[in-house]
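Coordinate analysis (summary)
Residues per chain are reported as follows:
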Amino acid sequence: MSISLETSRTDTRPIAIWLLGVAALVALMVVVGGLTRLTESGLSITEWKPVTGSIPPLSAEMWQEEFDKYRQIPQYQLVNKGMSLDEFKTIYWWEWGHRFLGRLIGLAFFVPFVWFLATGRLRGRLAWICAGLFVLGGLQGFMGWYMVASGLTERVSVSQYRLAAHLGLAFLIFAALVWVALDILRGTADEIQRRWVAWTGGLALLVYVQIVLGAFVAGLDAGMIYNTWPLMDGAFVPDGIYTVPAAAFEQHLTVQFNHRMVAYLIAILTVIFCWRVVVSGADRLQRRAAMWFATAISVQILIGIWTLVAVVPIWLGGLHQFGAVIVLGVAMVQLHVAVHGTPDPARNQALASA
């Protein structure tokens, strides 16, 4: 049995606020994860203890034990040999904070989820959707450890493939949280407005692809070289790209080149899209969404260029990662506007059903 709009909006608006709050925590998690990567802290905790790992070392003996475990892995032996205990504590706190934030997100989702279920506010299809989001969150925790494990035996850093999977899943969860919250807050139209769906959906997909490409840049430290713009190694299209197997994922030159080219493609398509929206007489909501997206893209590209030519200082790298969250969030809003337009409250039905 469907729930009327009035009942739905009264019962589910707190759910939307909760989902947006979790999305904000995921955004923070992405930024902290980026900073953890930039400070090369991700391998400082060599074990996965989902429950007991929430408690950091509380004594000198416990700190020494954690340090001794770290000294057994290749990153210490080949990169950080001679590191002091105090230096180890610095990278340990970054990784511990990242993992603790992951646990906090789990609690911030699970506790309200159970409460909304118990009070009857969360039911039907919406309940199943939220349950699916919780499963994705659990998978993300496992993916994080799967990524870390790749750097504990034969490598001095994590696999760029696993890093891309870990970051890609985080952004997928963020996008899904925002989309479901928008469905609740804005409602859905009876008929999909197809005019701008291909454009906005394509741009959102390209943004997501660009984020994953950025993960490969980070995983290979490819942003630490070729630090000029607009030329790269003295040319717009440098010699040597795609000259080795799996170059798109393993060659520093090609990985950074791809990231640059997709940024240019997104910028060009955004300009064309905005021009078409304006001259076609699209409604005010669609025009505003397009302008916000264009603004977010412009700022993010400028930050990306700045980050590159400055040779990726930690604070700029973190800002660039945060910018990616903002761009994807705005892309989801723009897509939702394109798909549903301005829904008619008189006809809208609740996302949940009894």
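Residues numbered from 1 in each chain as written. Predicted model: local features only at pLDDT ≥ 70, side-chain atom pairs only at ≥ 80, totals over all residues. Heavy atoms only, no water.

So, about unusual backbone geometry. Cis rather than trans, the peptide bond between W229 and P230 has omega equal to 10°. Tracing the backbone through its elements, the reader meets P230 in the loop between α7 (197–219) and α8 (247–250). Residues other than glycine seldom take positive phi values, yet D221 does so here, at roughly 55°. Of note, D221 is situated in the loop between α7 and α8. Unlike most non-glycine residues, A246 shows phi in positive territory, near 55°. In this structure, A246 sits in the loop between α7 and α8. Of the residues examined, A246 reaches a relative accessible area of 36% and is grouped as partly exposed. (Helix = DSSP H or I, 4+ residues; strand = E, 2+ residues; numbered from the N terminus. Buried < 20%, exposed > 50% of the residue type's maximum accessible area, 1.4 Å probe, protein only.)

Enumeration according to the criterion identifies seven salt bridges in this entry. For R37, the salt bridge identified is with D221, shortest N-O distance 3.3 Å. In this pair, R37 is assigned in helix α1 (residues 5–38) and D221 in the loop between α7 and α8, connecting sequence segments 184 residues apart. A salt bridge links E47 to K69; the shortest N-O distance between them is 2.8 Å. Placement of the pair is E47 in the loop between α1 and α2 (60–70) and K69 in helix α2, with a sequence separation of 22 residues. (Salt bridge = Lys/Arg side-chain N within 4 Å of Asp/Glu carboxyl O.)

Within the largest apolar cluster, 67 residues are counted, with the highest numbers of intra-cluster contacts made by W18, L19, F109 and L177. Listed by contribution, the elements that provide at least two residues to this core are α1, α4 (85–118), α5 (124–149), α6 (160–186), α7, α9 (252–279), α10 (284–309) and α11 (314–340). Looking at this core element by element, the count peaks at 14 residues for α6. Beyond its immediate chain neighbours, meaning those up to four positions away, F109 contacts W18, L19, V22, C130, L133, F134 and L177. By size, the runner-up hydrophobic cluster in this structure holds 18 residues, among which are L43, I45, W96 and V158. (Core = buried A, V, L, I, M, F, W, Y, C linked by side-chain atoms within 4.5 Å. Contact = heavy atoms within 4.5 Å.)

This part takes up α5. The end-to-end C-alpha distance of α5 is 38 Å, a good match for the 38 Å that 26 residues give at a rise of 1.5 Å each. Regarding α5, the residues found buried are L126, A127, C130, L133, Q140, M143, G144, W145, M147 and V148. (Expected span 1.5 Å × (residues − 1).)

Per-residue confidence for the chain averages 91 on the pLDDT scale, and 92% of its residues sit at or above 70. Of the regions scoring below 50 in pLDDT, residues 1–9 engages in 15 contacts with residues more than four places distant in sequence or in other chains. Long-range and interchain partners of residues 345–354, a stretch whose pLDDT sits below 50, account for 24 contacts in this model, where long-range means more than four residues apart. (pLDDT = per-residue confidence, 0-100.)

On to the side chain of Q140. Mapped onto the fold, Q140 is located in helix α5. If we ignore the near neighbours within four places in the chain, the residues touching Q140 are H166, L169, A170 and I173.

With that settled, consider a nonpolar patch on the surface. Judged by side-chain polarity, W229, W306, V309, W315, L319, F322 and I326 come together as a nonpolar surface patch covering roughly 700 Å² of accessible area. With four residues, α11 is the single largest residue contributor to the nonpolar patch. Here F322 lies in helix α11. Given the relative accessible area of 38%, F322 is considered partly exposed. (Patch = residues over 30% accessible without salt bridge, like charges linked within 9 Å, V, L, I, M, F, W, Y side chains within 5 Å. Areas by Shrake-Rupley, 256 points an atom, 1.4 Å probe, with all protein chains shown as cover.)

Further remarks concern the packing of aromatic side chains. Scanning the entire structure with this criterion turns up 27 aromatic pairs. Summarising the aromatic geometry, the rings of F67 and Y76 are spaced 6.1 Å apart at their centres and angled 90° between planes, so their arrangement reads as edge-to-face. Accessibility assignment for this pair places F67 and Y76 in one class, buried. Centroid distance Y70 to Y76: 5.9 Å. Interplanar angle 70°. Geometry classified as edge-to-face. Given the relative accessible area of 0%, Y70 is considered buried. Overall, Y76 belongs to the buried group, its relative accessible area being 8%. Here a set of aromatic residues connected by ring pairs shows up, and it is made of W63, F67, Y70, Y76, F88, Y92, W93, W96 and F100. Positioned over the ring face of F67 is R71, at 4.9 Å from the centre of the ring. When the ring centre of Y146 is taken as reference, the NZ or CZ atom of R162 above it lies at 3.7 Å. (Phe/Tyr/Trp six-rings, centres within 6.5 Å; stacked < 30°, edge-to-face > 60°. Lys NZ or Arg CZ within 6 Å of the ring centre and 35° of its normal.)

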